[in-house]
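Structure at a glance
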Amino acid sequence: MAAVAQALETPSSVTSIKSLAESSALNSVPSAYAFNINPNEEADPNDPEFAIPIIDMSLLTSGTPEQRSQIIHDLVKICQEWGFFIAINHGVPESLMKAMIDACHGFFSLPDEEKKEFKSGNDVLEMFKYGTSYNLALDKVLLWRDFFKVRTHPEFYSLYKPATFSEVSMEFGKRTREVALEITKAISESLGLEPNYIFEKMNMDRGLQLLAGNYYPPCPQPEHAIGIPHHTDHGLVTLLIQNEMNGLQVEHNGKWLTVDGPANGFFVNLADQMQILTNGKYKSVMHRATVNNKATRISIAIPHGPSVDTTIAPAPELCEREGKPPKYLAMNYKEYIQLQQSGKNYMKSTFDHILA
């Protein structure tokens, strides 16, 4: 009861949506969390137009030259039209994916006092952080989720609770990195560039990699709250896994599509630096996280980006070949992240600030 009263009176003092959602007095969404989802904007998952592309990673890594060539050919259309696909047969054991979700569940199940040990400021480059909304001072709508973020590359950091977290997250981070680098190789080739072009130009040997866990408890009025509002990611490519509950939606052809996929697949979305590097040829997909009234959803996102000191601009080779001037101004990656997370970009596109 106290948690609900606190949310109604001083929402910025709520430190955990989990505690609020577990209160027996909660039967509606407090006004500070009110966010209306328009059902008319949702896609029909049975419409062939919204059939989510699937990439069989085994054909990239161990298929015949013809099979690899076909996948790379398919990626062109996928990256242009969707900016999103599901990766299967990627080599990361399903048992490791489940162990990572279990470790995240273990963290979110800790008492609030212990989780508060990981609270920090609003700098995305900190070793780790824990909280609920992005920035309670800026957010106009509070989010129906708790989260943590940990920096895992180029230096590896970890939450030190629960005890199993560090070992699992280290192995999971290493294995997902291998998948992400294989994807960036294939994307380089799909652009007619050398396989290591993105890796080298983006200094991915010391690229920023994060591990972000999200906890979305059941919501009494899911159509009146949001887990994460519409946004694009700031890096190059993001991999995501989840427990058995859906909630990720991607924007495609003006509609919001709820993503469903195999338990052992990775949801893969292209991010802002990929759109900038390709001069807008490939799409950084807009996406959001919805909530439900049935069960807790846990998702784990693994964003991969350039090194924080890299300056990103449209690739001269692509601009020259296609006879198009650069659409975007060059910008340092760390500065781009800070711009994206500033108050003036709340639920807006950062691209508007860097148009050439």
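Criteria and thresholds
Residues numbered from 1 in each chain as written. Predicted model: local features only at pLDDT ≥ 70, side-chain atom pairs only at ≥ 80, totals over all residues. Heavy atoms only, no water. Salt bridge = Lys/Arg side-chain N within 4 Å of Asp/Glu carboxyl O. Helix = DSSP H or I, 4+ residues; strand = E, 2+ residues; numbered from the N terminus. Buried < 20%, exposed > 50% of the residue type's maximum accessible area, 1.4 Å probe, protein only. Contact = heavy atoms within 4.5 Å. Expected span 1.5 Å × (residues − 1). Arc of directions from axis to C-beta. Polar contact = N/O pair within 3.5 Å; in protein donor to acceptor, adjacent residues only side chain to side chain. Pairing = 2+ DSSP bridges. Axes fitted to C-alpha atoms, helices over the stretch in contact; angles between N-to-C directions. 1 Å grid on protein atoms, 1.4 Å probe; cavity = no way out; pocket = protein on both sides within 12 Å on 5 of 7 lines; lining within 4 Å. Points joined across faces, edges and corners; volume = space filled by probe spheres on them. Nonpolar A, V, L, I, M, F, W, Y, C, P; charged D, E, K, R; others polar.

**Some details on the pattern of salt bridges**
Tallied over the entire structure, the rule returns 14 salt bridges. The closest approach of N and O atoms between arginine 175 and glutamate 171, which form a salt bridge, is 3.8 Å. Here arginine 175 pairs with glutamate 171, and both are found in helix α7 (residues 165-190), just four residues apart, close to one helical turn. Among the residues examined, glutamate 171 registers a relative accessible area of 29% and is labelled partly exposed. Shared partners join several salt bridges into a network, and the residues in it are Glu171, Lys174, Arg175 and Glu178.

**Side note on the environment of lysine 116**
Inspection of the secondary structure assignment puts lysine 116 in the loop between α6 (112-115) and β3 (128-131). The exposure class of lysine 116 is partly exposed, given its relative accessible area of 32%. The spacing of lysine 116 and serine 16 is 100 residues in sequence and 9.5 Å in space, taken between C-alpha atoms. Setting aside its immediate chain neighbours within four residues, lysine 116 contacts Thr15 and Tyr130.

**Some remarks on helix α4 (residues 65-81)**
Across its 17 residues, α4 extends 25 Å between first and last C-alpha, which sits within 8% of the 24 Å expected from 1.5 Å per residue. Against the buried residues of α4 lie β1 (54-56), α3 (57-61), β2 (84-88), α7 and β10 (266-270).

**Side note on helix α11 (residues 333-340)**
Every α-helix winds through 3.6 residues per turn, so residues three or four apart in the chain are directed the same way. Every buried residue belonging to α11 is among Tyr333, Tyr336, Ile337, Leu339 and Gln340, and all of these are buried. What you see down the axis of α11 is that its buried residues fit within an arc of 160 degrees, all on one side. The secondary structure elements touched by the buried residues of α11 are α9 (272-277), β13 (311-312) and β14 (331-332). Between the side-chain oxygen at the start of α11 and the backbone nitrogen of lysine 334 there is a gap of 2.9 Å, and the oxygen is on asparagine 332.

**Quick look at the sheet that holds β3**
Remark on secondary structure: sheet strands pair via backbone hydrogen bonds, oriented parallel or antiparallel. Ordered by their spatial adjacency, eight strands build an open sheet running β1-β2-β10-β7-β12-β5-β4-β3, and the pairing between neighbours is mixed. The two strands at the open ends of the sheet, each matched to only one other strand, are β1 and β3. The sheet shows a mean angle of 20 degrees between the axes of neighbouring strands, taken without regard to direction. As paired elements, strand β7 (residues 237-242) and strand β12 (residues 297-304) share six bridges and run antiparallel to each other. Within β12, the position partnered with isoleucine 241 by the bridge is isoleucine 300. Its contacts with the sheet put α4 on β1, β2 and β10, and the angle it makes with β1 is roughly 155 degrees. Across the face of the sheet, helix α5 (residues 94-108) comes into contact with β3, β4 (146-153), β5 (209-216), β7, β10 and β12 while running at roughly 110 degrees to β12.

**So, the layout of surface pockets**
The calculated volume of the second largest pocket comes to roughly 360 Å³. Ile101, Gln242, Asn243, Glu244 and Ala263 are the residues nearest the centre of the second largest pocket, which is lined by 21 residues in total. For the lining of the second largest pocket, the element with the highest residue contribution is α5, accounting for six residues. Within the lining of the second largest pocket, the residues separate by chemical class into nine nonpolar, seven polar and five charged.

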